[in-house]
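Here is what each chain is made of, one letter per residue.
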Amino acid sequence: MSDPISVKVTTREGEQRTVTQGAGHQTLMQLLYDEDIGVEAICGGCTSCATCHVLIEPGWMSKLPERDQAELMLLQYVEHYDPERSRLSCQLEIGPHLDGMPLVIAPEE
């Protein structure tokens, strides 16, 4: 088994935390939800609510897969959408490409 993946999270309150993948975490949303740091994940990862919205550091966006149409549509309707940084964490599978990535939990809508 490979080493667990860690991401550097800034909460809505400005707290800096490093969170590490645990057993059963397949998406970034699952990891952030289990840490109870502001990701509500109301739809459970079905790309239908945008309550797992995060802001990724721009330098890391190119390391991530492109947004699909469903993700892009949802993000464009949230108040704090940033075309350079916004992602739904439910659409980001955990893998080595995420290790060390800094992100900010998006402001609550």
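Above this note sits the structure.
What counts, and where the lines are drawn
Residues numbered from 1 in each chain as written. Predicted model: local features only at pLDDT ≥ 70, side-chain atom pairs only at ≥ 80, totals over all residues. Heavy atoms only, no water. Helix = DSSP H or I, 4+ residues; strand = E, 2+ residues; numbered from the N terminus. Contact = heavy atoms within 4.5 Å. Buried < 20%, exposed > 50% of the residue type's maximum accessible area, 1.4 Å probe, protein only. Pairing = 2+ DSSP bridges. Axes fitted to C-alpha atoms, helices over the stretch in contact; angles between N-to-C directions.

S.K.: Could you clarify how one ought to interpret the overall build of the protein in this entry?
M.R.: A tally of helices and strands in the protein yields 3 helices and 5 strands. Start at the N end of the protein and walk to the C end: the helices and strands fall as β-β-α-β-α-α-β-β. Principal axes of the C-alpha set define a box for the protein whose edges measure 40 × 30 × 25 Å. Taking the intrachain contacts of the protein between residues at least 6 apart in sequence as the baseline, contacts between residues at least 24 apart amount to 63%.

S.K.: Where do I start with unusual backbone geometry in this structure?
M.R.: It is generally the case that most residues other than glycine have a negative phi and that most peptide bonds are trans. Positive phi, close to 55 degrees, is recorded for Asp-36, a residue that is not glycine. Tracing the sequence through the fold places Asp-36 in the loop between α1 (28–34) and β3 (53–56). Taking relative accessible area as the criterion, Asp-36 reaches 68% and is therefore assigned exposed.

S.K.: Help me understand the sheet that holds β3 in this model?
M.R.: In any sheet, the strands associate via hydrogen bonds between backbone groups, in a parallel or an antiparallel arrangement. A sheet is described by the order of its strands in space; here 5 strands give the open sequence β2-β1-β5-β3-β4, paired in mixed fashion. Strand pairing shows two members of the sheet lacking a second neighbour, β2 (16–20) and β4 (86–88), which therefore form its edges. Each strand of the sheet is rotated relative to its neighbour by a mean of 40 degrees, with strand direction disregarded. Relative to β2, strand β1 (residues 6–10) is paired through 5 bridges, and the arrangement is antiparallel. Across the sheet, residue Val-7 finds its bridge partner in β2, namely Val-19. Strands in contact with helix α3 (residues 69–76) are β3 and β4; relative to β4, the strand with the most contacts, it is inclined by about 120 degrees.

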